[in-house]
Amino acid sequence: MRCEGRAVAAGLLAELPWRGADDSTERGAEAVVSVDQRLGTEMFDRLQRSGMPFGPSLIDRETQSVGFFLGSESRETFTFYLEAETASPPEFRYLGENCAVVVPGPIPLSDDRYQWFRALAKRPEANPLRPVALATALVASAELLARIDRFDEQYPTPYSAVAALPDEADS
């Protein structure tokens, strides 16, 4: 997933704005929020398990990034709610106008570089809650991963967790 220029690889090239299957272009249909694979996988899980609205999403195994499709008019809404959630948002890329995204083909293979997390069955319908849900999941997932990383640093062994408990005499 990148801006400016075409990505050349297996899969279907979806230029943004939307490039349909018949190679016709409809202006202003889609954009993609791209994050690193670890964060994107957590976001996908959070969105799916919570039942929050989100559209198609894909993974690029070579660059280890995950992309979430949004409507092209979503940038301001996404940014507004992202900034409302946190003063220091996690790293992401917003791919919109003049960008290209390689999407998986219709018959996925297990070793394909590009794979769907949630397939694009038809042109996604506009839902004003999609950018809000994505911004919320981005911040929540980044915070959860940061806490897990702190846990691993703070308690590298079971002994370190037990040693951190207060003594019974202190109670």
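Residues numbered from 1 in each chain as written. Predicted model: local features only at pLDDT ≥ 70, side-chain atom pairs only at ≥ 80, totals over all residues. Heavy atoms only, no water.

S.K.: Just checking my understanding: could you explain the nonpolar core for this structure?
M.R.: In summary, soluble globular proteins display a tendency toward joint burial of nonpolar side chains. Counting 22 residues, the largest nonpolar core has M43, L47, F68, F78, L134 and L138 as its most contacted members. Those elements giving two or more residues to this core turn out to be β3 (31-36), α1 (37-50), β5 (65-70), α2 (75-85) and α3 (130-154). The greatest single-element share of this core, amounting to 7 residues, is contributed by α3. Not counting residues within four places of it along the chain, the set of residues in contact with L47 comprises M52, F54, F68, A133, L134 and A137. L58, F69, L95 and C99 belong to the second largest nonpolar core, which has 7 residues in total. (Core = buried A, V, L, I, M, F, W, Y, C linked by side-chain atoms within 4.5 Å. Buried < 20%, exposed > 50% of the residue type's maximum accessible area, 1.4 Å probe, protein only. Helix = DSSP H or I, 4+ residues; strand = E, 2+ residues; numbered from the N terminus. Contact = heavy atoms within 4.5 Å.)

S.K.: Just checking my understanding: could you explain the confidence of the model for the chain for this structure?
M.R.: Parts of the prediction with low pLDDT should not have their coordinates interpreted in detail. Averaged over every residue, the pLDDT of the chain is 81; the share at 70 or more is 79%. Averaged pLDDT values over the elements of the chain bottom out at 40 in strand β2 (residues 12-16) and peak at 96 in α1. Note that pLDDT drops below 50 for residues 2-28; the model gives that stretch 69 contacts with residues more than four away or on any other chain. (pLDDT = per-residue confidence, 0-100.)

S.K.: Could you clarify how one ought to interpret the pairing of β3 in this entry?
M.R.: The side chains of a regular strand alternate between the sheet's two faces. In terms of residue burial, β3 counts as a mostly covered element, since 5 of its 6 residues are buried. Pairing analysis gives 3 bridges linking β3 to strand β6 (residues 93-95), with the strands arranged antiparallel. Each residue of the ladder has a partner; that of S34, found in β6, is R93. (Pairing = 2+ DSSP bridges.)

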